[in-house]
Amino acid sequence: AYKPDFVLISAGFDAAAGDPLGEMQVSPAMFGRMCRQMMAIADEFAQGQIVLSLEGGYNCDVTAECGAACVSALLREEQGQEVQLEAMPGWEQAAVESFDKISRVLAKSYRTFNWPIPDF
């Protein structure tokens, strides 16, 4: 039976609406939805183990929105409750806190995630 150790996603956001290179119209919410779909595959075949690796996105604001939608999905927040960066002063700190949460969960299974989280 097919049993990978984890699902690896090359998370490129250059297809996002507002990205100058991709010139497509994928919304941050759709990236979150796609992440949830991949999480379901990881849950079924890889004991829920999933890794997203950022590899594209050429508008920092758009990439941040799409990344926030995926982090919300990874944290299993309710769909429709994704982080809205423009409506959230201090979103940088929220991103650091989300990264910290994810890192702590991953550190239980992968020692490469046992590092001190820097203060920003």
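Treat the numbers as computed from the prediction; the structure is a model and nothing was measured. (Residues numbered from 1 in each chain as written. Predicted model: local features only at pLDDT ≥ 70, side-chain atom pairs only at ≥ 80, totals over all residues. Heavy atoms only, no water.)

Moving on to the environment of Leu 21. Tracing the chain through its elements places Leu 21 in the loop between β1 (7–12) and α1 (28–45). Given the relative accessible area of 59%, Leu 21 is considered exposed. Put simply, Leu 21 and Gly 57 are 36 residues apart on the chain and 8.2 Å apart in space, counted from C-alpha to C-alpha. (Helix = DSSP H or I, 4+ residues; strand = E, 2+ residues; numbered from the N terminus. Buried < 20%, exposed > 50% of the residue type's maximum accessible area, 1.4 Å probe, protein only.)

Another point: the packing of aromatic side chains. For the structure shown, the criterion picks out one aromatic pair. Measuring from centroid to centroid gives 5.0 Å for Phe 13 and Phe 31, while their planes differ by 90°, and the two rings are edge-to-face. One end of the pair, Phe 13, is in the loop between β1 and α1; the other, Phe 31, is in helix α1, and 18 residues separate them in sequence. Residue class for Phe 31 comes out buried when judged on its relative accessible area of 9%. (Phe/Tyr/Trp six-rings, centres within 6.5 Å; stacked < 30°, edge-to-face > 60°.)

Here the focus is unusual backbone geometry. With a phi angle near 50°, Glu 23 is a residue other than glycine that sits in the positive phi range. The topology assignment puts Glu 23 in the loop between β1 and α1. Judged by its relative accessible area of 66%, Glu 23 falls in the exposed class. For Gln 47, which is not glycine, the phi dihedral falls at a positive 50°. Along the chain, Gln 47 falls in the loop between α1 and β2 (50–56).

Turning next to the nonpolar core. Counting residues in hydrophobic clusters, the biggest one holds 15 residues, and the most contacted among them are Val 7, Phe 13, Phe 31, Ile 50 and Cys 66. If you list the elements that add at least two residues to this core, you get β1, α1 and α2 (60–74). Apart from the residues lying within four places of it in its own chain, the contact partners of Ile 50 are Phe 6, Val 7, Ile 9, Met 38, Met 39, Ala 42 and Leu 74. (Core = buried A, V, L, I, M, F, W, Y, C linked by side-chain atoms within 4.5 Å. Contact = heavy atoms within 4.5 Å.)

On to the packing of α1 against α2. Relative to each other, α1 and α2 sit at 35°, their axes nearing to 8 Å. At the point where α1 passes α2, the crossing takes the right-handed sense. Between α1 and α2, the contacting residues are Pro 28, Phe 31, Gly 32, Cys 35, Arg 36 and Met 39 on the first element and Glu 65, Cys 66, Ala 69, Cys 70, Ser 72, Ala 73 and Leu 74 on the second. A per-class count over the contact of α1 with α2 returns nine nonpolar, two polar and two charged. (Axes fitted to C-alpha atoms, helices over the stretch in contact; angles between N-to-C directions. Left-handed = near helix turned anticlockwise from the far one by under 90°. Nonpolar A, V, L, I, M, F, W, Y, C, P; charged D, E, K, R; others polar.)

Averaged over every residue, the pLDDT of the chain is 80; the share at 70 or more is 75%. Across the chain, the secondary-structure element scoring lowest on mean pLDDT is helix α3 (residues 91–107), at 69, and the one scoring highest is β1, at 93. (pLDDT = per-residue confidence, 0-100.)

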